[in-house]
Amino acid sequence: MKRWLTAVMVATLALGPVACGKSGESGGQAQSSPAQSSPAQSSSGQGNAPSADAIAKATFKYDPAITLTTVAGLNANAAIFKQGETIEDNVHTRLIKERLGIDIKYNWVVTNTNDAYKTKLRLMLSSGEKMPDVVAYRGDMETVHLLIDSGQFMAVDELVEKYAHPEYKKGLELDPTIWYPITRNGKKMALPILDYAYNDNHVLWIREDWLKKLNLKAPETIDEMEKVMDAFVNGDPDGNGKKDTWGLAVGFKNGFNNWMTDIGFLFGAYGTMPGQWNLVNGKLEHGSINPAAKQALATLRRWMEKGYIPQDAAMKDEVQGAEYFTSGRAGMIVGRNWLPAWPFGDLEKNVPTAEYKAYPLPAGPDGKRGAAGGNPPVNGYLFINKDAKHPEAVLLYYNWFFENTANPKPGSEFEYGFAKGYDYAIAPDGTVIRSNTEAKKYPELFPGVDLNNSLPNPLFYTITYEGARIPTLYADALVKVANGGKPETPYEKAEIASRKPQNIYAMKVVMDYKDAVYKNYYTGPITDTMASKNELLNKLLNETYNKIIYGQAPLEAFDTMVQNWLKSGGEQITKEVNDWYAKVSQR
């Protein structure tokens, strides 16, 4: 549990797993070599003196072409290429140059294992090395703040106002707190990369076949959940004659407020959320010291004593903890709507007869429910160098994806995917092929593609990670189908085709309870006191929580810990956090 309280002091930006990234696989239909026709031009649609309207509508093309420099850290889904292509030269870079007159050049590229991209960026910052025209970053907020504080990047207020695509502006207006983490002295210092809204909200996943076998109904409250867990532990739900199952798969090595194997829902049922700053009566309060956390710890301790959760939960991270569920040994897990895409495929392999379904998070004794979530639909930032010759080119690039691939029109060039022979193809019978499994039947339609891997999706090559995402689109599409509607638009058809029925239904559960969340209200930089006191305060919280859960300290140790936390710097940090919030929330 060494790392979980890092998030107590500094909010972190969620890393989209590969499964989540699949939400953006509905792109469009660029040909394997860019088409010869140019996009429609406005009166100032070509040249090197762009009009604001032409940039916003993505109809402008630089002539002659300009160079836009950047850097890249390749994640797994962005490292799948057609034979002969690389991140520097592929269907995406060629199309952008042909359509927009932007020649993307990479100063360096790393395979992003063990945080290699972050490490290289931070080495550049520490040495004062000059940054490229644009830097994309998706990861911890500490690095985001270091990039801002380097002084190498410009404020983007005027760029957004003048050049942003209407869909981008609409997305930015969904939540005013979008700008809070990247505002300095009243100026917006980066472009948020929008993601799908509500995608980080949690549901309770339950082995439906276990419920049926033991003649149980899904729990609606924490008390009912305990009864179901007891049956899952003692009722031999897997039928092997052994007492080798758990009620709930958890792993809180990285915290009690996680993207998978979450246990924060238990704290939420009592009225707080650990590991973040909650808004309570108009003030920010550290959720880990709220008295409600003491109630949750008492319940969690009881669950540990009764064997409802694995004894080594404190040693497991999210992925390791999920293995209790995917191996068929645990009957419940709390996580996001898209878990059927990953890692639940392992459950289907390990237990082919397994059935699972999403349910709302259980309510506490006072009817409260919820986990961490409801945060702004942002998953990364674009930093524009203050010395960039064409800063508007970054928005032209991003706008192009909003205009063409985020929600393609029927009959448009990008109706079926980004590039034929890459992320899709049309079979002789007219079927749209979007998976390597189906592609293996027609290898001639995917020349140069290794069909033993996922199909190469050029949207994952983009500087913005997935092209562009309209925040409301994903939830709207899945809920529409979950309610009995039919997918109609190209986006809806592609998205639904890539989703399992359990995923589609889970999004309906999310939206039915979309307000049952605890939002983290502090996303600012490390304060002075955090810098000097974090280590001490983290150790204090870690040790106390662990000892209470494992029965090595009485429950009253929580009260002593709270007082010591406040005296040892927590009270000053609370003041600093609230001073920051007062400034940003007034704008």
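Before reading on, note that the structure itself is shown above.
The following paragraphs examine the structure supplied in this document.

What counts as what
- Within any chain, residue numbers begin from 1 and follow the written order of that chain's sequence.
- Totals for whole chains, interfaces and linings use all residues, but because this is a predicted model, local features are given only for residues with pLDDT of at least 70 and pairs of side-chain atoms are given and counted only at 80 or more.
- Here the side-chain values reflect all heavy atoms present in the structure, with hydrogen atoms and water set aside.
- In this description a helix means any DSSP run of H or I spanning at least four residues, a strand means any run of E spanning at least two, and both kinds are numbered starting from the N terminus.
- Think of it in three bands: residues with accessible area under 20% of the maximum for their type are buried, residues over 50% are exposed, and the middle band is partly exposed, with areas taken using a 1.4 Å probe on protein chains only.
- Only strands that DSSP links by at least two bridges are regarded as paired with each other.
- Axes, fitted as lines to C-alpha atoms, cover a helix only where it is in contact. Angles between the N-to-C directions of the axes lie from 0 to 180 degrees.
- Residues count as neighbours in contact if any of their non-hydrogen atoms are within 4.5 Å of one another.
- What we call a nonpolar core is a set of buried Ala, Val, Leu, Ile, Met, Phe, Trp, Tyr and Cys residues that are connected through their side-chain atoms within 4.5 Å.
- Each Phe, Tyr or Trp ring, with Trp reduced to its six-membered ring, pairs with another whose centre is within 6.5 Å; inter-plane angles below 30 degrees give stacked pairs, above 60 give edge-to-face pairs, and intermediate values give tilted ones.
- Think of it as a cone above the ring: NZ of Lys or CZ of Arg counts as a charge over the ring if it is within 6 Å of the ring centre and within 35 degrees of the ring normal.
- Any carboxyl oxygen of Asp or Glu that lies within 4 Å of a side-chain nitrogen of Lys or Arg is treated as forming a salt bridge with it.
- For a helix, the expected span equals 1.5 Å multiplied by the number of residues minus one.

### What about the environment of Tyr416?
Inference 1: Within the element layout of this structure, Tyr416 appears in the loop between helix 15 (392–404) and strand 16 (425–426).
Inference 2: Judged by relative accessible area, Tyr416 falls into the partly exposed class, the value being 28%.
Inference 3: The sequence separation of Tyr416 and Thr529 amounts to 113 residues, and the corresponding C-alpha distance is 52 Å.

### Description of the sheet that holds strand 8 (residues 191–194)
Inference 1: With respect to topology, 3 strands assemble into an open sheet ordered 5-15-8, the strand pairing being antiparallel. Of all the strands in the sheet, the pair left with one neighbour each is strand 5 (134–137) and strand 8. Between one strand axis and the next, the sheet turns by 25 degrees as a mean value, whatever way the strands run.
Inference 2: The sheet contact formed by strand 8 and strand 15 (residues 378–384) spans 3 bridges and is antiparallel. The residue of strand 15 that forms the bridge with Leu194 is Val378.
Inference 3: In this fold helix 15 packs onto strand 5, strand 8 and strand 15, with an angle of close to 20 degrees to the strand it touches most, strand 8.

### What about the nonpolar core?
Buried together is how nonpolar side chains tend to be arranged in soluble globular proteins.
Inference 1: Ranked by internal contacts, the top residues of the largest apolar core, which has 111 residues, are Ile102 and Phe383.
Inference 2: With 9 residues, helix 15 is the single largest residue contributor to this core.
Inference 3: Setting aside its immediate chain neighbours within four residues, Phe383 contacts Asp133, Val134, Val135, Tyr137, Val144, Leu147, Ile148, Phe153, Met189 and Ala190.
Inference 4: Of all hydrophobic cores here, the second largest spans 57 residues; its members include Val228, Trp277, Ala293 and Val584.

### Some points on unusual backbone geometry
With the exception of glycine, most residues fall at negative phi, and the peptide bonds are largely trans.
Inference 1: Looking along the chain, the bond that leaves Asp63 and enters Pro64 is cis, with omega of 10 degrees.
Inference 2: Position of Pro64 relative to the elements: it lies in the loop between strand 2 (61–62) and strand 3 (66–74).
Inference 3: The omega angle of the peptide bond from Trp342 to Pro343 is 15 degrees, so this bond is cis rather than trans.
Inference 4: The backbone phi angle of Ala58 is positive, close to 60 degrees, even though this residue is not glycine.
Inference 5: By the secondary structure assignment, Ala58 is in the loop between helix 3 (52–56) and strand 2.
Inference 6: A residue is classified by how much of its surface remains accessible, and Ala58, at 4% relative accessible area, is buried.
Inference 7: The residue Asn215 is not glycine, and still its phi comes out positive at about 55 degrees.
Inference 8: Here Asn215 falls in the exposed class, since its relative accessible area comes to 72%.

### Describing the packing of aromatic side chains
Inference 1: Counted according to the given criterion, the structure contains 34 aromatic pairs.
Inference 2: Ring centres of Phe252 and Phe256 lie 4.7 Å apart, and the angle between their planes is 20 degrees; on these two criteria the pair is classed as stacked. Like Phe256, Phe252 is buried.
Inference 3: The ring of Trp108 is capped by Lys120, whose NZ or CZ atom sits 5.2 Å from the centre of that ring.
Inference 4: The ring of Tyr465 has Arg138 sitting right over it, with the charged end atom 4.2 Å from the ring centre.

### Re the pattern of salt bridges
Inference 1: Scanning the entire structure with this criterion turns up 33 salt bridges.
Inference 2: For Asp387, the salt bridge is made with Lys130, and the minimal N-O distance between the two is 3.3 Å. You can see Asp387 sitting in the loop between strand 15 and helix 15 and its partner Lys130 sitting in the loop between helix 5 (116–127) and strand 5, a full 257 residues away along the chain. Here the two residues Asp387 and Lys130 agree in accessibility, since each one is exposed.
Inference 3: Where Asp195 meets Arg469, a salt bridge forms, and the shortest distance between an N and an O atom there is 2.7 Å. Taken together, the residues Asp195 in the loop between strand 8 and strand 9 (202–207) and Arg469 in the loop between helix 16 (436–439) and helix 17 (473–482) connect sequence positions 274 residues apart.

### Notes on helix 19 (residues 501–512)
Inference 1: Given a rise of 1.5 Å per residue, 12 residues ought to cover 16 Å, and the 17 Å separating the end C-alpha atoms of helix 19 matches this to within 8%.
Inference 2: Of all the positions in helix 19, only Asn503, Ile504, Ala506, Met507, Val509, Val510 and Met511 are classed as buried.
Inference 3: Buried-residue contacts for helix 19 involve strand 9, strand 13 (356–359), helix 17 and helix 18 (490–497).

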